[in-house]
Amino acid sequence: MTQKFKVLVTRKWPSTVEKKLDESFDVTLNESDIPMTEEQLLEAMNSYDAVLPTVTDSISSKVISSDKRKAKIIGNFGVGFNNIDIESAKSNGVVVTNTPEVLTDCTADIAMLLLLGVSRRASEGEFHVRKKEWSGWRPTHMMGTKVTGKTLGLVGMGRIAQAVAHKAHFGFNMKILFFDPYFNNNDIIEKFSALPCNTIDDLLRGSDFVSLHCPSTSETKGLMNIKTLAKMKNSSYLINTARGDVVVENDLVQALESGLIKGAGLDVFEGEPNVNPKLLNFKNVFLLPHLGSATEETREAMGMRVFSNIRDFFDGKEPTDRVV
Ligand code: DGY
């Protein structure tokens with residue numbers, strides 16, 4: 001590459017990746033890690049050849065469709081790209097890439113952690129010990145729900161759901177149900193002896209754990225609301241590592257208050273980083289701050305994936321992870 005293209009990174013990235021970017025591009029980093037405003041993002045689109053946002057940056061139509069736009073590619077640091085107005089990118093001829101595959105296992109691990117954490121009352125137990133409330137072992141102390149052999153219902157059967165199915169089926173002997181109107185890979189179904197459900201209601205009624213693995217789209221926003229939550233078993237748990245807005249948080253609160261479901265494990269929230277204050281009061285809710293992909297290995301791999309995508313783009317090749 002002879003010309004050094006101007007690249008803006010919107011948040012602090014693992015230093016190995018920042019160094020790698022710096023070797024090939026005229027890169028501006030965000031050492032302070034303070035999120036950029038819409039105005040600053042718009043200005044960045046006007047001044048840089050590539051903007052590398054993450055899931056916390058809202059790349060709106062206003063940001064993309066500026067008359068003075070210079071940026072030709074948005075290299076998203078994240079597999080989900082609901083932070084970007086994809087239609088606007090498409091109509092303005094801006095390329096968008098994401099970071100699939102590299103975060104599959106770590107996100108699936110967090111889904112299993114939430115599933116185990118909420119059903120075995122892990123954070124409740126941990127606080128109990130730390131607060132010195134533990135008076136000793138007794139037969140009825142902090143009894144949770146057995147996981148092994150139970151039925152796991154997966155909403156969406158993409159890469160992360162398949163990794164969860166693998167861990168749950170082979171590690172915990174769980175029966176797998178799934179609902180995904182776009183999925184038709186029989187090999188995968190056979191691999192986990194998974195049963196496809198024709199409707200989401202079938203899945204909700206038959207599962208001891210319901211784990212969400214769909215992107216946030218106009219079809220899935222608010223998918224889990226008071227009506228769908230009411231179809232789950234009273235003894236079941238809801239797990240969300242997908243996107244917060246797939247669940248109507250106020251309805252989830254209502255479902256927990258009225259005992260429609262037994263508990264929830266949540267890594268993502270409707271108004272991140274704000275969490276519905278009522279959720280903070282439930283002992284049967286296990287909460288994490290959007291940690292799905294948060295391992296050193298994965299965050300570095302995500303950054304390297306963004307690097308390869310923009311390097312290929314500026315070398316005149318098709319970026320591997322182009323979404324539009
Ligand atoms: C993603 O990549 O979409 C995650 O939510 C952040 O890791």
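In what follows, the structure referred to is the one given above.
Let me sum up the structure you'll find in this document. Positions within a chain are numbered from 1, following the residues in the order the chain's sequence is written. Note on the predicted model: pLDDT of at least 70 is required for a residue's local features to be given, and 80 or more for side-chain atom pairs to be given and counted; whole-chain, interface and lining totals, by contrast, use all residues. In computing side-chain properties, one takes all heavy atoms of the structure into account and sets aside hydrogens as well as water.

### What to know about the overall build of the protein
Point 1. Broken down by element type, the protein carries 12 helices and 12 strands.
Point 2. What the globule rule says is 2.2 Å times the number of residues to the power 0.38, and the radius of gyration is computed from C-alpha atoms. Its C-alpha radius of gyration of 21 Å places the protein within 12% of the 20 Å reference for a compact globule of 324 residues.
Point 3. Each of the three principal axes of the protein carries a C-alpha extent, and together these read 70 × 50 × 30 Å.
Point 4. Residue burial is assigned from relative accessible area. The probe radius is 1.4 Å, only protein chains are included, and a residue is buried under 20% of its type maximum, exposed over 50%, and partly exposed in between. Counting across all 324 residues of the protein, residues that qualify as buried make up 51%.
Point 5. Contacts are assigned to residue pairs that have any heavy atoms within 4.5 Å of one another. Looking at the protein alone, contacts between residues at least 24 apart form 62% of all its contacts between residues at least 6 apart.
Point 6. Accessible surface is estimated by sampling points in the Shrake-Rupley manner with a 1.4 Å probe; for residues, cover comes only from the protein chains shown. When the accessible surface of the protein is split by element, carbon and sulfur atoms take 51% of a total near 15,700 Å².
Point 7. Averaging the coordinates of the 38 positive side-chain charges in the protein and doing the same for the 41 negative ones gives two points 5 Å apart. Counting from the N terminus, the helices are the DSSP runs of H or I reaching at least four residues and the strands are the DSSP runs of E reaching at least two. Working convention for charge: Lys and Arg count positive, Asp and Glu count negative, and His plus the chain ends are omitted. Note on charges: their place is set at NZ of Lys, CZ of Arg, CG of Asp or CD of Glu.

### A word on the sheet that holds strand S10 (residues 237–240)
Point 1. Read across the open sheet, the 7 strands follow the order S8-S7-S6-S9-S10-S11-S12; overall the sheet is parallel. The open sheet terminates on both sides in strands that have one partner only, identified here as strand S8 (195–196) and strand S12 (285–287).
Point 2. At least two bridges found by DSSP between two strands is the condition for calling them paired. Here strand S7 (residues 175–179) runs beside S8; their pairing, made up of 2 bridges, is parallel. By the bridge assignment, Phe178 is partnered in S8 with Pro196.
Point 3. Note on definitions: angles span 0 to 180 degrees between N-to-C directions of axes, and those axes are lines fitted to C-alpha atoms, for helices only across the stretch in contact. Against the sheet, helix H11 (residues 249–257) makes contact with S10, strand S11 (263–266) and S12, and its axis sits at roughly 145 degrees relative to S11, the strand it touches most.

### What to know about the site of the ligand
Point 1. Residue proximity to a molecule or strand is established when one non-hydrogen atom of the residue lies within 4 Å of it. Looking at the ligand, the residues that line it are Val55, Gly78, Val79, Gly80, Leu103, Arg243, His290, Ser293 and Met302.
Point 2. Any pair of N or O atoms that falls within 3.5 Å is considered a polar contact. Within protein, one atom must be able to donate a hydrogen and the other to accept it, and sequence-neighbouring residues count only if both atoms are side-chain atoms. Note that an oxygen atom of the ligand is positioned 2.7 Å from one of the side-chain N or O atoms of Arg243.
Point 3. Side-chain polar atom of His290 to an oxygen atom of the ligand: 2.7 Å apart, as the coordinates give it.
Point 4. Here the ligand has 230 Å² of accessible area as a free molecule, and 89% of this is covered by the chains.

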